[in-house]
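Geometric and topological summary
Now for the letters of each chain:
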Amino acid sequence: LLNVGSSGAGIVSIPGDESMQATLNLTRCTIEDNNSTFAAGFASYHPATAMLKDTRVSGNHVSDRGGGGFCSGNLTVEGGSIVDNSADDLGGGLHMVGAAANLHLHSGAVVANNQAANFGGGISAISGAAGDCVMEVTGVTIRDNVASRG
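Residues numbered from 1 in each chain as written. Predicted model: local features only at pLDDT ≥ 70, side-chain atom pairs only at ≥ 80, totals over all residues. Heavy atoms only, no water.

**Here's the deal with the overall build of the protein**
Let me state the cut-off plainly: Every helix listed is a DSSP run of H or I at least four residues long, and every strand listed is a run of E at least two residues long, numbered separately from the N terminus. Per-residue accessibility, obtained with a 1.4 Å probe over protein chains only, is compared with the maximum for each type, and a residue is labelled buried under 20%, exposed over 50%, and partly exposed between these values. Here, residues are in contact when the closest pair of their heavy atoms is within 4.5 Å. Surface accessibility in these figures is a Shrake-Rupley result with a 1.4 Å probe; residues are shielded only by whichever protein chains are displayed.
Within the protein one finds 0 helices and 21 strands. Out of the 150 residues belonging to the protein, those deemed buried represent 47%. In the protein, the proportion of contacts linking residues at least 24 apart, taken out of those at least 6 apart, comes to 84%. In the structure as shown, the protein presents an accessible area of about 6500 Å², 49% of it carried by carbon and sulfur atoms.

**Some remarks on the pattern of salt bridges**
Convention followed: By salt bridge we mean one thing: a side-chain nitrogen of Lys or Arg within 4 Å of a carboxyl oxygen of Asp or Glu.
In total, this model carries 4 salt bridges according to the counting rule given. Ionic pairing is found between E78 and K53, a salt bridge with its closest N-O pair at 4.0 Å. With E78 in strand β11 (residues 74–78) and K53 in strand β7 (residues 49–53), the pair connects residues that are 25 residues apart, well separated along the chain. The class for K53 is partly exposed, based on a relative accessible area of 35%. For R143, the salt bridge is made with D144, and the minimal N-O distance between the two is 3.0 Å. Residue classification places D144 among the exposed residues on the basis of a relative accessible area of 51%.

**Things to note about the packing of aromatic side chains**
We apply this condition: Within 6.5 Å between ring centres, the rings of Phe, Tyr and Trp (the latter by its six-membered ring) count as paired, and their orientation is classed by plane angle as stacked under 30 degrees, edge-to-face over 60, tilted in between.
Taken as a whole, this structure holds 2 aromatic pairs when the rule is applied. Relative to F70, the ring of Y45 has its centre 5.2 Å away and its plane inclined at 50 degrees; by these criteria the two rings are tilted. With Y45 in the loop between β6 (42–44) and β7 and F70 in strand β10 (residues 69–71), this residue pair connects regions lying 25 residues apart in the sequence. Here the aromatic residues F38, Y45 and F70 are joined through ring pairs into a cluster of three or more.

**Overview of the sheet that holds strand β4 (residues 30–32)**
Filter applied, for reference: Note on pairing: two strands pair once DSSP finds at least 2 bridges between them. Axes, fitted as lines to C-alpha atoms, cover a helix only where it is in contact. Angles between the N-to-C directions of the axes lie from 0 to 180 degrees.
Read from one edge to the other, the open sheet built from 5 strands follows the order β4-β8-β12-β16-β20, with strand pairing classed as parallel. With one partner strand each, in any of the chains shown, β4 and β20 (141–143) form the two edges of the open sheet. Adjacent strand axes in the sheet meet at a mean angle of 5 degrees when their direction is disregarded. Pairing of strand β12 (residues 81–83) with strand β16 (residues 110–112) involves 3 bridges; the strand directions are parallel. Following the sheet pairing, I82 is matched in β16 by V111.

**A closer look at the side chain of S81**
Structurally, the position occupied by S81 is in strand β12. On the basis of relative accessible area, S81 is assigned to the buried category, the value being 14%. Excluding its chain neighbours within four sequence positions, the residues that come into contact with S81 are T55, R56, V57 and V110.

**What about a nonpolar patch on the surface?**
Put simply, the test is: Patch definition: residues above 30% relative accessible area lacking any salt bridge, with like charges linked at up to 9 Å and the nonpolar side chains Val, Leu, Ile, Met, Phe, Trp and Tyr linked at up to 5 Å.
Together, M135, V137 and I142 make up an exposed nonpolar region whose accessible area comes to about 270 Å². By the secondary structure assignment, M135 is in strand β19 (residues 134–138).

**Looking at the environment of V77**
When you line up the elements, V77 lands in strand β11. A sequence separation of 27 residues divides V77 from H104, and the C-alpha atoms of the two residues are 6.2 Å apart.

This is the structure we're talking about:
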């Protein structure tokens, strides 16, 4: 199934405002072959929390940022893979942005063979004005990702 959209073509989680909490939990799912302007595979916006467990995110493409996915809140990836995604700007695999962005990769997750035309072939993380993005990586394979500038 091919989905095409302007943001989060595969799946999106958007809380209504700061007082609401949206949660996206995916277990043993496949998000693949989506095309979008921004965040082709999935998008999870602050203050949303997203969990991808044993999920495959692959073959997604964006003309901007976040080929595999985008998160400005909390994202946990346990196992699974983020592979073969691409972005015409930043974050071929994942694009994280903002002071509330926290990425936790562990339990054998694989981030591989992603491409970005600019920065962050596998993962790009951009801090917000109010603070830093936080990445915690344990027991993960990150390999064979390509970006022209880092």
